[in-house]
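# Descriptive analysis of the structure
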Amino acid sequence: MSAFVRAHPAWSAVIAIALALLLVAVFAHWPPGVVAVLGRKKIFLNALLNGITLGGLYFLVASGFTLIFGLMKNVNLAHGSLYLFGGYIGFEIAEATGWWLLSFIVAFLLVAAIGVVLQTLVFRRIEGQDLRQTLVTIGISIVVADLMLWIWGGDFYQISIPEWLQGPMVLPVISAIKSSGAVVYLKYPLVRIVIFLASVAIGLAMWMALNRTRIGMLIRAGVDDREMLAASGIGVQRVFVLVFAFGAGLAGLAGVVGGTFQSLAPGEDIRFLLASLVVVIVGGMGSIVGAALGALLIGLAEQFGSVYMPTYAVVLTFLIMVLVLAFRPQGLMGRRT
Amino acid sequence: MSTMQPGGPRTAAAWLLGLILLLMPAFAGDFVLFQIFGWALILGMIALSLMFLAGYGGMVSLVQMSVAGCAAYMVAIFGDSAITQISLGWPWWITVPLAIAIATLFGTLAGALAVRTHGIYTIMITLAIASAFFYFTRQNYVVFNGFSGFNGVLPPPLFGVDWRQPVPFYYLALFFAALAYFLVLYISRAPFGLALQGIRDNPRRMEALGFNVFLHRIAAYAFASAIAAVAGVLLVWLNAQVSPGTAGIGPVIDILIIAVVGGLGRPIGPFIGAIIYVLLRTFALDFLVSLGLSGERFQLLIGAGFLVIVFWSPDGVLGLWDRTRERITARERQRSPLYRAIRGQPGGPA
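Reading guide: rules and limits
Residues numbered from 1 in each chain as written. Chains lettered and ligands numbered in written order. Predicted model: local features only at pLDDT ≥ 70, side-chain atom pairs only at ≥ 80, totals over all residues. Heavy atoms only, no water. Helix = DSSP H or I, 4+ residues; strand = E, 2+ residues; numbered from the N terminus. Buried < 20%, exposed > 50% of the residue type's maximum accessible area, 1.4 Å probe, protein only. Contact = heavy atoms within 4.5 Å. Areas by Shrake-Rupley, 256 points an atom, 1.4 Å probe, with all protein chains shown as cover. Expected span 1.5 Å × (residues − 1). Patch = residues over 30% accessible without salt bridge, like charges linked within 9 Å, V, L, I, M, F, W, Y side chains within 5 Å. Salt bridge = Lys/Arg side-chain N within 4 Å of Asp/Glu carboxyl O. Lys, Arg positive; Asp, Glu negative; His and termini not counted. Charge placed at Lys NZ, Arg CZ, Asp CG, Glu CD. Axes fitted to C-alpha atoms, helices over the stretch in contact; angles between N-to-C directions. Left-handed = near helix turned anticlockwise from the far one by under 90°. Nonpolar A, V, L, I, M, F, W, Y, C, P; charged D, E, K, R; others polar. 1 Å grid on protein atoms, 1.4 Å probe; cavity = no way out; pocket = protein on both sides within 12 Å on 5 of 7 lines; lining within 4 Å. Points joined across faces, edges and corners; volume = space filled by probe spheres on them. pLDDT = per-residue confidence, 0-100. Parallel < 35°, antiparallel > 145°, perpendicular 65-115°, else oblique. Phe/Tyr/Trp six-rings, centres within 6.5 Å; stacked < 30°, edge-to-face > 60°. Buried area = accessible area lost by both parts, 1.4 Å probe. Core = buried A, V, L, I, M, F, W, Y, C linked by side-chain atoms within 4.5 Å.

### Some thoughts on the overall build of chain B
The number of helices and strands found in chain B is 14 helices and two strands. Taking the principal axes of its C-alpha atoms as reference, chain B extends roughly 80 × 55 × 45 Å. Considering chain B as a whole, with its 350 residues, one finds that 52% of them fall into the buried category. Taking as baseline every contact in chain B between residues at least 6 positions apart, the subset at least 24 positions apart corresponds to 73%. Carbon together with sulfur atoms contributes 69% to the accessible area of chain B, which is approximately 16300 Å² in total.

### Some remarks on helix α4 (residues 92–114) of chain B
Taking 1.5 Å of rise per residue, the 23 residues of α4(B) would be expected to cover 33 Å, and the 32 Å separating its terminal C-alpha atoms lies within 8% of that figure. Of the residues making up α4(B), those classed as buried are T95(B), V96(B), A99(B), A103(B), T104(B), G107(B), T108(B), A110(B), G111(B), L113(B) and A114(B). In this fold, the buried residues of α4(B) make contact with α14 (313–327) of chain A together with α3 (64–78), α5 (120–139) and α9 (213–239) of chain B.

### Regarding unusual backbone geometry
For residues other than glycine, phi is negative in most cases, and the peptide bonds are mostly trans. With a phi close to 60 degrees, A240(B) is a non-glycine residue in the positive phi region. Here A240(B) falls in the buried class, since its relative accessible area comes to 13%.

### Details of a positive patch on the surface
Where like charges cluster on the molecular surface, the positive patch consists of R40(A), K42(A), K178(A) and K187(A). Considering the arrangement of structural elements, one finds R40(A) in the loop between α3 (32–38) and α4 (41–72).

### Some thoughts on the packing of helix α7 (residues 191–201) of chain B against α9(B)
Residue and element names in this part refer to chain B. Remark: α7 packs on α9, axes separated minimally by 10 Å, with the N-to-C direction vectors making an angle of 115 degrees. Seen from above, α7 lies across α9 with left-handed handedness. In contact with F192, A195, L196 and I199 of α7, α9 contributes V213, H216, R217, A219 and A220. Residues that form the contact of α7 with α9 fall into these classes: seven nonpolar, one polar and one charged.

### Here we look at the layout of surface pockets
One water molecule sets the probe size; rolling that probe over the atoms shows where empty space is left. Residue and element names in this part refer to chain A. Roughly 2400 Å³ of internal volume is contained in the largest pocket. Surrounding the largest pocket, 48 residues form its lining, I15, L19, L293, L296 and L297 being those nearest its centre. Contributions of two or more residues to the lining of the largest pocket are made by α1 (2–7), α2 (9–27), α4, β1 (168–177), α8 (190–212), α13 (288–308) and α14. Here the element with the most residues in the lining of the largest pocket is α2; it accounts for 10 residues. Counted by class, the lining of the largest pocket contains 40 nonpolar, seven polar and one charged residues.

### Focus on the confidence of the model for chain B
Residues and elements named next belong to chain B. Taken residue by residue, chain B gives an average pLDDT of 80. The fraction at 70 or more is 91%. Of all the helices and strands in chain B, helix α14 (residues 337–344) carries the lowest mean pLDDT, 60, while α9 carries the highest, 90. pLDDT under 50 marks residues 346–350. Its contacts with residues more than four places away, or in other chains, come to three contacts.

### Focus: the packing of helix α5 (residues 79–97) of chain A against helix α12 (residues 268–283) of chain A
What describes two packed helices is the angle between their axes and the distance between those same axes. Residue and element names in this part refer to chain A. As a packed pair, α5 and α12 sit with axes 7 Å apart at the nearest point and diverge in direction by 130 degrees. Taken as axis vectors, α5 and α12 run oblique relative to one another. α12 is crossed by α5, and the crossing has right-handed handedness. Listed contacts from α12 to H79, G80, S81, Y83 and L84 of α5 are E268, D269, F272, L273 and S276.

### A look at the packing of aromatic side chains
One pass over the structure, following the stated rule, counts 26 aromatic pairs over all chains. Aromatic pair F85(A) and W152(A): ring centres 6.3 Å apart, planes at 70 degrees, arrangement edge-to-face. Separated by 67 residues along the polypeptide, F85(A) in helix α5 and W152(A) in helix α7 (residues 130–152) bring together distant segments of the chain. The pair formed by F85(A) and W152(A) is uniform in burial state, with each residue classed as buried. Between F52(B) and F223(B), the ring centres sit 4.8 Å apart and the planes meet at 65 degrees, which makes this aromatic pair edge-to-face.

### Describing the interface of chain B and chain A
Facing the 37 residues of chain B at the interface are 38 residues of chain A. Interface area, chain B with chain A, both sides summed: about 3500 Å², of which 80% is carbon and sulfur. Looking at the side of chain B facing chain A, the largest losses of area belong to M124(B), R297(B) and F311(B), adding up to 19% of the total buried there. At the surface where chain B touches chain A, the tally comes to zero salt bridges.

### Comments concerning the nonpolar core
M45(B), F52(B), F150(B) and W237(B) are the most contacted members of the largest nonpolar core, which has 199 residues in total. Element by element, the count of residues in this core is highest for helix α2 (residues 30–57) of chain B, at 18 residues. Beyond its immediate sequence surroundings of up to four residues, F150(B) is in contact with Y73(B), A76(B), I77(B), S81(B), I83(B), I86(B), S87(B), V143(B), F144(B), N145(B), Q241(B) and V242(B). In this structure, L45(A), L171(A), L186(A) and I193(A) belong to the second largest nonpolar core, which totals 13 residues.

### Thoughts on the environment of G203(A)
Locating G203(A) in the fold gives a position in helix α8. Each C-alpha atom, one on G203(A) and one on I288(A), is 7.9 Å from the other, the two residues being 85 residues apart in sequence.

### Brief notes about the side chain of T246(B)
Structurally, T246(B) can be placed in the loop between β2 (241–242) and α10 (249–262). If we ignore the near neighbours within four places in the chain, the residues touching T246(B) are M65(B), L235(B) and P251(B).

Set out below in structure tokens:
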């Protein structure tokens, strides 16, 4: 952090001022002048929270993608299919057992197992040929999408929230002051906050595992120089399978999350594949911190876009990507290769 | 490999194919001419522009279908359509060149962005641009008429011919497809195309030799986009309509499938891929039903076929053909006395 400040003092100042303005906007009472320009404070706060929680979901999907790409240079364009499949599995488990938390575990394990199969049967045979990997995984995603359409049909599915997570939570943030002087606090769905906190926890755990453990050390070494790691007597293929399984499992887990606070339907696989592509392009390939930053940025852009310029919300995310590419092709946190 | 000796069997086959294509209307019905060949030639041209970029430039661009879609939209917006409140109704000799120019510009700009990256990043970025185009056309109602797009876009009645009749349209599509094919063939052997192939194989060496790698790549995008744009104009005339789905994510991926299944090695590949795709697309339903399966599983058939091809023959149908031919010629060579003489001698070229 301090190295960044020293290297880019002007940018640091801009970011600090932007953050300070955001904090003021969140906690201060909005005078009528601001309301006239930005609309009611409640709308702004909701867009902000929706954006942050959506960013959490994007982070879960994209971090698996970026981890797999960063370590193995494996391009898995079937990542969106893993997400949707995990969501459907989570739905089935939650419906059958009524146990919401169990659906996360089963979806994670099952999709991770698929990841192991993908890595050992598909990717190991076409290692290092990125065009073929792209084409093969596109083929897989077409086949899987049609199989899922066959099994689950074209309907929308939503995983029901367990009772203890239903209802809103009152946040210590003032959303409005009534004319009578009564203070109205912001209410926000509890489940989204819990899921967001869980994804932050997963992100932190991943960061800790990557930076503080032996296996994380192996993965980081593999990202930097795979041949050297293999030459030092490490079973690189085992590390690969492990990382692929974990990344795929995260996509499956994210599917359950997405099925809970959005819905599952054909086409969601492509949507989340594109979202994770944009997130990792913006954030920088192979960087967990970059994935978090990119996910937050894209989530916020999507939500603020849909509130303040509803027609072009989707285009806004791509605009961010184009700008990042034009000025920093390796992504915000990416390293130049 | 692709050199044709005059008088060789390949030249004869090429002449025969040309003759068959020219005389097609004499023995093929309207449906085959219009819906099968018209469509396949157009898809083949779009896939050809991808093949040019991928095969000679090493850049797999998924934005080519969007370029075609852009041209199709421009024809509908500047020319005539059933959506009279948006369409400007300009004459065709302004509309068509303008549409091609704008679409080429769009493709070139997308290319200028894409060439900042390489390899797999190019695929991802062009995929993202293509989906941005799709979402933009779907959301924008002022210019692109949103979800429903434009219908009633008809070709101009030039020389007193209704170009949407099967036979005239077939010849129109055949003319431009052949033009694009020979242009790509010519460029691939011209200095520009050779430089492009050099850049594909070793950009650093070409840079050291004084070639501007960036500009060559962007120029390749411009050329490929022009081909895709012409195909886009033909596409809107074929369907008489254009909507966001024309350049949706499905069709964008389909173009990649067509080019890869046909083979990225030679310009004829995309056309082979296109005819396979169109035949599958048209008859897969009946085929599936006759197997006792539901006709809805069409995507499964396409996806599985594609998977088989890319997994076992990454250079497509053309690659399969080349390998079979090599095997046959190798067998013939083994039988020839010259081959035995060479193999029998120690130190001969094995």
